[in-house]
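Structural features, examined
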Amino acid sequence: MAGAAGTGTCAGAAGGDGDDSLYPIAVLIDELRNEDVQLRLNSIKKLSTIALALGVERTRSELLPFLTDTIYDEDEVLLALAEQLGNFTGLVGGPDFAHCLLPPLENLATVEETVVRDRAVESLRQISQEHTPVALEAYFVPLVKRLASGDWFTSRTSACGLFSVCYPRASNAVKADIRQHFRSLCSDDTPMVRRAAASKLGEFAKVLELDSVKSEIVPLFTNLASDEQDSVRLLAVEACVSIAQLLSQDDLETLVMPAVRQAAEDKSWRVRYMVADKFSELQKAVGPKITLNDLVPAFQNLLKDCEAEVRAAAAHKVKELCENLPIDDRETIIMNQILPYIKELVSDTSQHVKSALASVIMGLSTIVGKENTIEHLLPLFLAQLKDECPEVRLSIISNLDCVNEVIGIHQLSQSLLPAIVELAEDAKWRVRLAIIEYMPLLAGQLGVEFFDEKLNSLCMAWLVDHVYAIREAATNNLMKLVQKFGTEWAQNTIVPKVLIMANDPNYLHRMTTLFCINALSEACGQEITTKQMLPIVLKMAGDQVANVRFNVAKSLQKIGPILDTSALQGEVKPVLQKLGQDEDMDVKYFAQEAISVVAQRLRKLDFPVKGSEEPSVPWVDKNHFPRPRVPGEDTGKVRRQGLRPLARSWSAVVRSQLTATSTSRGPAYQLHGNTRDTLAQLEIAELVHFSQSRD
């Protein structure tokens, strides 16, 4: 009722008093009260425009009070409102009036929807930086206290994210009060509030004095780390990293490490997972001494954890852990304390664990050196390269350059490449398909010379595989290789071998030649396509197998945009017209499609076509190209006269067999055919002629 009354008041003021400046606020309120959510959402997104129209005073006195009362709306509307208000300081008069934005954002920070609350808190954090120290204590700190002592958990969770932004600029007396409120939230009865406090504990600790961290934050961390809710304990692990960065080694050992050791052996797998996930950051925070004494044994336990998620998280951190170990003892620790557990993970029952390990294990070769890599790591790489999980194989292949730098290409070719070749010739076509997909990546790792020597023949062999999916993948593989190695390499290495297949007795292999030309033409460019590929395609137009012939038409349609006009007119068009007379209906159809594309190509280039004689087969006639223009000719008039019959009805065209001529200028365009093909003719007529009638 209040909202409706407000609407009427503003609308009446705008109409009755004739004050047009009130109209924007009236429109806003009307749309905000509209039943359509999208209208309300659109009006919220226009707030900045409306505020500019109203001016800073009326924005503060009219717009913001109204927005403060409109929190009972759809979540997407409230989310948009929270986003808008974060950038509203300049629209209310600058930093001196930033506190005017706090009431609506305070209301939004208490709503039930988490996304809206989080966005409101972000806007409040942004606005807090624009408050002066006096305004901060006068307006912002009281807001934080109200939220922290609210009846509903929603307001208390929102308050947790605001302590760190207001604490640094507050006076000592206010700081003590702020710390007290934060302590109360850390021991709140509601798990959601304790969770929010735990997530912001590390952030708050960074802005506190060191004495306060030791006397207040560390006890809070200890309590949260032993909370009955595992969702609270796992967030305490994250806070541990921030707290550890602030304390000395002695304080760490006595105040923090007991909680870390407890978390690494927690009964909840989610807490152990968080320890594994944050292990590298924790390792950097506590230093090398504590790492050797406490973290390495804890990491060993995580690598053999009973839960696959924990093992996967720990496996993902293997490389980072090894890199951050003390240089003097690094190799010994890795070989004696880490590698035995890694060997077990290579054959883990979970593919997620194996995938996580495979993504980092290749990086160990640069850490442990050449001898240890050849003796201990290469057998693991080979086992993973033959793993049934494709992600494991991909990770190994995509990181071969790490091993190549350490052991050299010669050793790599003797150890890993035989396994790759073996997989490429596997009896199961899906295994072969997986290796093909990795081949461009592998080629980039090994370089063009090594690829030509070891793997080129393998890629060509895939083109004649008995499974179509392999031949198709091999064709796409060639295109990617050309993009990687360049057109000169393709011209000398790939194209000749592909074109030889055009004489293969197996028609499937001859079709593969056409597929390769389709894929390679764009990558190789016009010159190679015209000089080397096009003659082969044209020659194959006389193939005895209809499937090959209609694929010739499709290939000419595909490579048509790449060819120059002389090749299109002099070589491609006659072949397509011949295919248009083919006895096979499929060949006719695809030839017709190709002729249409070639016609479009020539029209775009405005290429004059010599001669307009009628072909011997009626249906091909509908694809004739325009005659050359005569100097001084009014081509627009000719087109208009010739196209008038196209305005007739379809039934009239079917009866009369449309013919377009101009008696004074000679035939401009001609359409011939029988009644059965009239519809197709008209489609081609519109395609070939109508676009040229534009003046």
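Here's a quick rundown of the structure. (Residues numbered from 1 in each chain as written. Predicted model: local features only at pLDDT ≥ 70, side-chain atom pairs only at ≥ 80, totals over all residues. Heavy atoms only, no water.)

Quick look at the overall build of the chain now. The number of helices and strands found in the chain is 42 helices and 0 strands. For the chain, the share of sequence-separated contacts (at least 6 apart) that also reach a separation of at least 24 residues comes to 67%. Of the roughly 32,000 Å² of accessible surface on the chain, 50% is carried by carbon and sulfur atoms. (Helix = DSSP H or I, 4+ residues; strand = E, 2+ residues; numbered from the N terminus. Contact = heavy atoms within 4.5 Å. Areas by Shrake-Rupley, 256 points an atom, 1.4 Å probe, with all protein chains shown as cover.)

A cluster of acidic residues, Glu74, Asp75, Glu76, Glu112 and Glu113, forms a negative patch on the protein surface. For Glu113, the location among the structural elements is in the loop between helix 7 (102–108) and helix 8 (114–128). (Patch = residues over 30% accessible without salt bridge, like charges linked within 9 Å, V, L, I, M, F, W, Y side chains within 5 Å. Salt bridge = Lys/Arg side-chain N within 4 Å of Asp/Glu carboxyl O. Lys, Arg positive; Asp, Glu negative; His and termini not counted. Charge placed at Lys NZ, Arg CZ, Asp CG, Glu CD.)

Another point: the side chain of Ser231. Within the secondary structure layout, Ser231 lies in helix 16 (residues 230–244). Within the structure, the side chain of Ser231 is placed 3.1 Å from the side chain of Arg195, a separation counted as a polar contact. Filtering out sequence-adjacent residues up to four positions away, Ser231 remains in contact with Arg195 and Arg270. (Polar contact = N/O pair within 3.5 Å; in protein donor to acceptor, adjacent residues only side chain to side chain.)

Quick look at the packing of helix 17 (residues 249–264) against helix 20 (residues 288–303) now. For any two helices packed against each other, one specifies the inter-axial angle together with the distance between the axes. As a packed pair, helix 17 and helix 20 sit with axes 11 Å apart at the nearest point and diverge in direction by 5°. In terms of their interaxial angle, helix 17 and helix 20 are classed as roughly parallel. Residues Gln249, Leu252, Glu253, Met257, Val260, Arg261 and Ala264 of helix 17 lie in contact with helix 20, whose contacting residues are Ile290, Asp294, Leu295, Ala298 and Leu302. For the contact of helix 17 with helix 20, the class distribution of residues is 8 nonpolar, 1 polar and 3 charged. (Axes fitted to C-alpha atoms, helices over the stretch in contact; angles between N-to-C directions. Parallel < 35°, antiparallel > 145°, perpendicular 65-115°, else oblique. Nonpolar A, V, L, I, M, F, W, Y, C, P; charged D, E, K, R; others polar.)

All right, on to the packing of aromatic side chains then. The description of an aromatic ring pair rests on the distance of the ring centres and on the angle between the ring planes. Enumeration according to the criterion identifies 11 aromatic pairs in this entry. Measuring from centroid to centroid gives 5.0 Å for Phe279 and Phe299, while their planes differ by 50°, and the two rings are tilted. Of the two residues, Phe279 is situated in helix 19 (residues 279–286) and Phe299 in helix 20; the sequence distance between them amounts to 20 residues. Since its relative accessible area comes to 1%, Phe279 is described here as buried. Positioned over the ring face of Phe97 is Arg60, at 3.8 Å from the centre of the ring. (Phe/Tyr/Trp six-rings, centres within 6.5 Å; stacked < 30°, edge-to-face > 60°. Buried < 20%, exposed > 50% of the residue type's maximum accessible area, 1.4 Å probe, protein only. Lys NZ or Arg CZ within 6 Å of the ring centre and 35° of its normal.)

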